[in-house]
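# Structural overview for review
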Amino acid sequence: MSADERRESVIRAAITEFARGGYSATSTAVIAQRVGVSQPYLFRLFPNKEAMFLAAAERCLEETRRVFAEAADGLAGEEALHAMASAYQQLIADDPEKLLMQMQMYAAVAAAEASGDHGFGESVRAGWLELFDSVNLALGAEVDETTQFLAYGMLANTLTSLGFPAGHRIWSGFYASAQPVS
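It should be emphasised that the depicted structure is a prediction, and the values quoted were computed from it without experimental measurement.

We now examine helix H7 (residues 122-138). For H7, spanning 17 residues, the distance from its first C-alpha to its last is 24 Å, which sits close to the expected 24 Å at 1.5 Å a residue. Every buried residue of H7 is accounted for by Val 124, Gly 127, Leu 131, Val 135 and Asn 136. Those residues of H7 hidden inside the fold are in contact with helix H4 (49-72), helix H5 (77-94), helix H6 (96-114) and helix H8 (143-161). In the segment just after H7, Gly 140 is the residue with positive phi, at about 80 degrees.

Its place among the elements puts Asp 4 in helix H1 (residues 3-25). When the C-alpha atoms of Asp 4 and Ala 112 are compared, they prove to be 29 Å apart, with 108 residues separating the residues in sequence.

Bringing empty space enclosed by the protein into the picture now. In total, this model carries one cavity of 30 Å³ or more according to the counting rule given. Together, 19 residues line the largest cavity, and Phe 68, Tyr 88, Phe 149, Gly 153 and Met 154 are the ones closest to its centre. Elements that contribute at least two residues to the lining of the largest cavity include exactly H4, H5, H6, H7 and H8. At seven residues, H8 tops the list of elements feeding residues into the lining of the largest cavity. Considered class by class, the residues forming the lining of the largest cavity number 14 nonpolar, five polar and no charged.

As enumerated under the stated definition, the model contains 10 salt bridges in all. Here Glu 63 makes a salt bridge to Lys 98, at a shortest N to O gap of 2.8 Å. Placement of the pair is Glu 63 in helix H4 and Lys 98 in helix H6, with a sequence separation of 35 residues. The two residues Glu 63 and Lys 98 agree in class, both being buried. One salt bridge in this structure joins Glu 130 and Arg 65, with 3.3 Å as the shortest N-O distance. Remark: Arg 65 occurs in helix H4 and Glu 130 occurs in helix H7; sequence separation between them is 65 residues. Given a relative accessible area of 17%, Arg 65 falls into the buried group. Each of Glu 8, Arg 12, Arg 59 and Glu 62 takes part in one network of salt bridges that share partners.

This part covers the nonpolar core. Met 101 and Phe 149 are the most contacted members of the largest nonpolar core, which totals 53 residues. The set of elements that each furnish at least two residues to this core consists of H1, helix H2 (28-35), helix H3 (39-45), H4, H5, H6, H7 and H8. If sequence neighbours within four positions are ignored, Phe 149 has contacts with Phe 68, Leu 81, Met 84, Ala 85, Val 135, Leu 139 and Tyr 175.

Here we come to the packing of H1 against H2. It is the contact of H1 with H2, at a shortest axis distance of 9 Å, that shows an interaxial angle of 125 degrees. When the axis of H1 is compared with that of H2, the two are oblique. Between H1 and H2 lies a crossing of right-handed hand. Mapping the contact onto sequence places Arg 6, Ser 9, Val 10, Ala 13, Ala 14, Thr 16, Glu 17, Phe 18 and Arg 20 in H1 and Val 30, Ile 31, Arg 34 and Val 35 in H2. Of the residues in the contact of H1 with H2, the class split is seven nonpolar, two polar and four charged.

Once that is clear, we can look at the side chain of Thr 26. Residue placement: Thr 26 occurs in the loop between H1 and H2. The buried category is assigned to Thr 26, whose relative accessible area is 4%. A polar side-chain atom of Thr 26 sits 2.6 Å from the main-chain carbonyl oxygen of Gly 22. Residue contacts for Thr 26: discarding those within four places in its chain leaves Glu 17, Phe 18, Gly 21, Ile 31 and Lys 49.

Definitions and cut-offs
- Residues numbered from 1 in each chain as written.
- Predicted model: local features only at pLDDT ≥ 70, side-chain atom pairs only at ≥ 80, totals over all residues.
- Heavy atoms only, no water.
- Helix = DSSP H or I, 4+ residues; strand = E, 2+ residues; numbered from the N terminus.
- Expected span 1.5 Å × (residues − 1).
- Buried < 20%, exposed > 50% of the residue type's maximum accessible area, 1.4 Å probe, protein only.
- Contact = heavy atoms within 4.5 Å.
- 1 Å grid on protein atoms, 1.4 Å probe; cavity = no way out; pocket = protein on both sides within 12 Å on 5 of 7 lines; lining within 4 Å.
- Points joined across faces, edges and corners; volume = space filled by probe spheres on them.
- Nonpolar A, V, L, I, M, F, W, Y, C, P; charged D, E, K, R; others polar.
- Salt bridge = Lys/Arg side-chain N within 4 Å of Asp/Glu carboxyl O.
- Core = buried A, V, L, I, M, F, W, Y, C linked by side-chain atoms within 4.5 Å.
- Axes fitted to C-alpha atoms, helices over the stretch in contact; angles between N-to-C directions.
- Parallel < 35°, antiparallel > 145°, perpendicular 65-115°, else oblique.
- Left-handed = near helix turned anticlockwise from the far one by under 90°.
- Polar contact = N/O pair within 3.5 Å; in protein donor to acceptor, adjacent residues only side chain to side chain.

Structure below.
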């Protein structure tokens, strides 16, 4: 396996492990074990745990942007909105680690900020801004629509993370395309 392929394996393993354990509780040893490499080799690919986490966070945001872009391709306005909402619900139903990783990203950035590390969240914020901008373009550069779409998405993330099942009354205010996949 090439170094690039191994690096890709580390990013995928990091998403899984950080999604499950969060930044602080996840050791690089468990990531190395999942990939099947030694910790010293892991640190030849990434300088430190923070770099692994940020690569995993960046990948998670990239994949979400890709899902939105593919869903909205050739569509505009409300059609794009519903296509993206449905595609996102399918993404987190098919790969719940994407949702968990997002939630861990927010918690890790908030914890870093609270401890005075303001640099930790810079790349996550940059990735989130790219996500916002791509959704904004797909929705016709309507900032209010974009804000509402992403606000509903964050609420959907929270409700899904809390375990509210599809069909629960708490989802009744969501449009059908934004409701969880059963």
